[in-house]
Structures are given as C-alpha cells and as structure tokens.
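One-letter residues, chain by chain:
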Amino acid sequence: MPIPKLATLIGGLLLSKGGRRMAGRHAGKLALATLAFQLWEQRRAAKHPINPQAGKAHPRRRWSGRRV
C-alpha cells in the first residue's frame, strides 16, 4: 500500500524540533486539514472512475410501448 504524500510531509515535519513545536501548536488544524484532504481525494476518485467502460457494458433498453 503506497504511503500518501501528506503522511510523508507530516512525518518529515515531526522529525525536526521546530516541526514538533509547530505540530503541537496546530495539531487540530493539521488533523482537520488531513481529513479534508482525504475526503477531497475520495470524492475526486469517485467522479473519475478508473475503468469508465465498466458502467457502459450492458446498456439498458427502454420500452418503447410498441408490441411485436
């Protein structure tokens, strides 16, 4: 499973003394930003499916009202 870019950014931030201090002050904001970013990625992925032809494999026929 690939590590998200945001996780590596926050991990790198926590390695420095100043980064830990900043993360401690803004932990709630960082958590909210991370959650919002993940939600945005999920919605973006839902709008653009990986296999767009999967939904068009069996087109539904409409009944025209005519009897044969």
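As the structure is a computational prediction, the values presented were derived from the model and not from experiment. (Residues numbered from 1 in each chain as written. Predicted model: local features only at pLDDT ≥ 70, side-chain atom pairs only at ≥ 80, totals over all residues. Heavy atoms only, no water.)

Draft legend 1. Region of interest: the overall build of the protein chain. For the protein chain, the helix and strand inventory stands at 3 helices and 0 strands. Looking at the protein chain as a whole, 4% of its 68 residues are labelled buried. Here the protein chain displays about 7000 Å² of accessible surface, and carbon together with sulfur accounts for 61% of that area. (Helix = DSSP H or I, 4+ residues; strand = E, 2+ residues; numbered from the N terminus. Buried < 20%, exposed > 50% of the residue type's maximum accessible area, 1.4 Å probe, protein only. Areas by Shrake-Rupley, 256 points an atom, 1.4 Å probe, with all protein chains shown as cover.)

Draft legend 2. Summary view of the packing of aromatic side chains. In the structure shown here, the tally under the stated rule is 1 aromatic pair. Seen from their ring centres, F37 and W40 are 5.9 Å apart, and the 35 degrees between their planes marks the pair as tilted. Residue F37 and its partner W40 are located together in helix α3 (residues 27–47), separated by 3 residues, close to a single helical turn. Exposure remark for F37: the relative accessible area of 32% places this residue in the partly exposed category. With relative accessibility at 47%, the residue W40 sits in the partly exposed group. (Phe/Tyr/Trp six-rings, centres within 6.5 Å; stacked < 30°, edge-to-face > 60°.)

Draft legend 3. Spotlight on the packing of helix α1 (residues 5–15) against helix α2 (residues 17–25). The N-to-C vectors of α1 and α2 enclose an angle of 115 degrees; their axes lie 5 Å apart at closest approach. Classified by the interaxial angle, the pair formed by α1 and α2 is roughly perpendicular. Contacts from L13, L14 and L15 of α1 reach α2 at K17, G19, R20, M22 and A23. Considered class by class, the residues forming the contact of α1 with α2 number 5 nonpolar, 1 polar and 2 charged. (Axes fitted to C-alpha atoms, helices over the stretch in contact; angles between N-to-C directions. Parallel < 35°, antiparallel > 145°, perpendicular 65-115°, else oblique. Contact = heavy atoms within 4.5 Å. Nonpolar A, V, L, I, M, F, W, Y, C, P; charged D, E, K, R; others polar.)

Draft legend 4. Region of interest: a positive patch on the surface. Taken together, the side chains of K17, R20, R21 and R25 define a basic patch exposed on the protein surface. When you line up the elements, R21 lands in helix α2. Assessed through its relative accessible area of 47%, R21 is described here as partly exposed. (Patch = residues over 30% accessible without salt bridge, like charges linked within 9 Å, V, L, I, M, F, W, Y side chains within 5 Å. Salt bridge = Lys/Arg side-chain N within 4 Å of Asp/Glu carboxyl O. Lys, Arg positive; Asp, Glu negative; His and termini not counted. Charge placed at Lys NZ, Arg CZ, Asp CG, Glu CD.)

Draft legend 5. Focus on the environment of G24. Positionally, G24 belongs in helix α2. Residue classification places G24 among the exposed positions, given a relative accessible area of 57%. The spacing of G24 and L14 is 10 residues in sequence and 9.4 Å in space, taken between C-alpha atoms.

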